[in-house]
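Summary of structural features
If you want the building blocks of each chain, they are given just below.
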Amino acid sequence: MICAEALQDYGLRALGIGARLLPQTDISLCQQIVLIGSGMMWNVYFGILALGFGFFFAVTLAVAKSQPARLIRKPAEWFIFIFRGSPLFIQFFMAYEAFVMLPRVGIEFTFLGVEIAAETRWFARAWLGALIVLFLNTSAYTAEIFYGALRNVPKGDLDAAEAYGLSGWKRFRRITFPTTMRLAWPAYTNEAIFLFHATALVFFSSFPAFQQRGDALYYANYFADRTFNPFVPYPIVAFYFVVLTLLIILIFGRINARLNRHLPNGQRTRLRIRPQLMR
């Protein structure tokens, strides 16, 4: 009964639906599990949107980096180098400082001869500002993965495509891109897992939670401060992330099987869970 009440009061608390006040005293285990699970919706939100938009941007960056023209190749190379060469936490900090300073001066642009001041305060909110940072970061890492796979497309496949009269966009769509995805997918799966884990850094970044609508680590820290016992809420967060990781491996494993469906069974690469006892 207590767990049912906790689910009813705090199941959607991270979205602003349910009880307005967080539990202050006599905090139960059910309340911690439900509220931290509610906060995981924000982690999933950050991960899915950053991964989805970052995938298409990463493909564009990888193709641009493989081009011989310097005007196309160099911007992609520098973008990848900057976001892979700097820590993600510093990127959060720099982005927040930039988004906070923008509203102070405002952004003015002209539309049909009329100057319009654009309000930019919502960029300083975690739901958008942190999402932009995660999107740019994963785009850089994913682009490097796709670029390596693009460089390793078998030359025989490209020669066969030319023999069949495929060139340009048709060759890329039917031969180059599917082969690139097949080669890059295991490494891309690891990047997806790392990205969802990196969403925990949003709590430590400067982006504030609006009206106590925080992510999983936000509520875990709240309970640790209230109960003076960090050994309950933080393992709950870890458990949720383990479950999320298993779900990612399952989904990406299905996609990997789809990409390799045309290969003989002995040549198919499979994504497997192999825990390391020693490193």
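Being a predicted model, the structure only gives us computed values, none of them experimental.

1. Quick look at the overall build of the chain
Counting its regular elements, the chain contains 10 helices and 2 strands. Listing the helices and strands of the chain from first to last along the sequence gives α-α-α-α-β-β-α-α-α-α-α-α. A buried classification covers 38% of the 279 residues belonging to the chain. In the chain, the share of contacts with a sequence separation of at least 24, taken over all contacts with a separation of at least 6, comes to 73%. Entry remark: accessible area of the chain is about 17000 Å², with carbon and sulfur atoms responsible for 64%.

2. So, the packing of helix α2 (residues 29–65) against helix α5 (residues 126–151)
At their nearest, the axes of α2 and α5 sit 6 Å apart, and the two run at 40 degrees to each other. Between α2 and α5, the angle falls in the class oblique. In this structure, α2 crosses over α5, and the sense of that crossing is right-handed. Here the residues of the contact of α2 with α5 are counted per class, giving 24 nonpolar, 4 polar and 2 charged.

3. Considerations on the environment of Ile-72
Its location among the elements puts Ile-72 in helix α3 (residues 70–85). Using a relative accessible area of 44% as the deciding quantity, one classes Ile-72 as partly exposed. Residues within four places of Ile-72 in sequence aside, it is in contact with Ala-64 and Gln-67.

4. What about empty space enclosed by the protein?
Summed over all chains, the structure comprises 1 cavity of 30 Å³ or more. Taken as a whole, the largest cavity holds about 50 Å³ of empty space. The wall of the largest cavity is formed by Val-59, Ala-62, Val-63, Phe-146, Leu-150, Phe-172, Phe-177, Thr-180 and Met-181. Listed by contribution, the elements that provide at least two residues to the lining of the largest cavity are α2, α5 and α7 (169–198). No other element matches the 4 residues that α7 contributes to the lining of the largest cavity.

Parameters and conventions
Going along each chain's sequence as written, the residues are numbered from 1 onward. It should be noted that, the model being predicted, local features are given only for residues of pLDDT at least 70 and side-chain atom pairs only at 80 or more, the latter also being counted only at that level, while totals for whole chains, interfaces and linings use all residues. Each side-chain value is derived from all of the structure's non-hydrogen atoms; neither hydrogens nor water enter the calculation. Each helix corresponds to a stretch of at least 4 residues labelled H or I by DSSP, and each strand to a stretch of at least 2 residues labelled E; elements are numbered beginning at the N terminus. Note on exposure labels: buried denotes an accessible area under 20% of the residue type's maximum, exposed denotes more than 50%, and partly exposed covers the range between, all computed with a 1.4 Å probe on protein chains only. Any two residues having at least one pair of non-hydrogen atoms within 4.5 Å are treated as being in contact. For the area figures, the Shrake-Rupley method with a 1.4 Å probe applies, and any residue is considered shielded solely by the protein chains shown. The axes used here are C-alpha line fits, helices contributing only the stretch in contact, and every angle between their N-to-C directions lies in the interval 0 to 180 degrees. Angles below 35 degrees are treated as roughly parallel, those above 145 as roughly antiparallel, those between 65 and 115 as roughly perpendicular, and all remaining angles as oblique. Here is the rule for handedness: rotate from the far helix to the near one, and if that takes an anticlockwise turn smaller than a right angle the crossing is left-handed, while a clockwise turn gives right-handed. Each residue receives one of three labels: charged for Asp, Glu, Lys and Arg, nonpolar for Ala, Val, Leu, Ile, Met, Phe, Trp, Tyr, Cys and Pro, and polar for the others, Gly being one of them. Throughout, the protein atoms alone are placed on a 1 Å grid, and a set of points is a cavity if a 1.4 Å probe fits but cannot get out or a pocket if it is open with protein on both sides within 12 Å along at least five of seven lines; lining residues have an atom within 4 Å of a point. Grid points are joined across faces, edges and corners, and a volume is the space filled by probe spheres set on the points.

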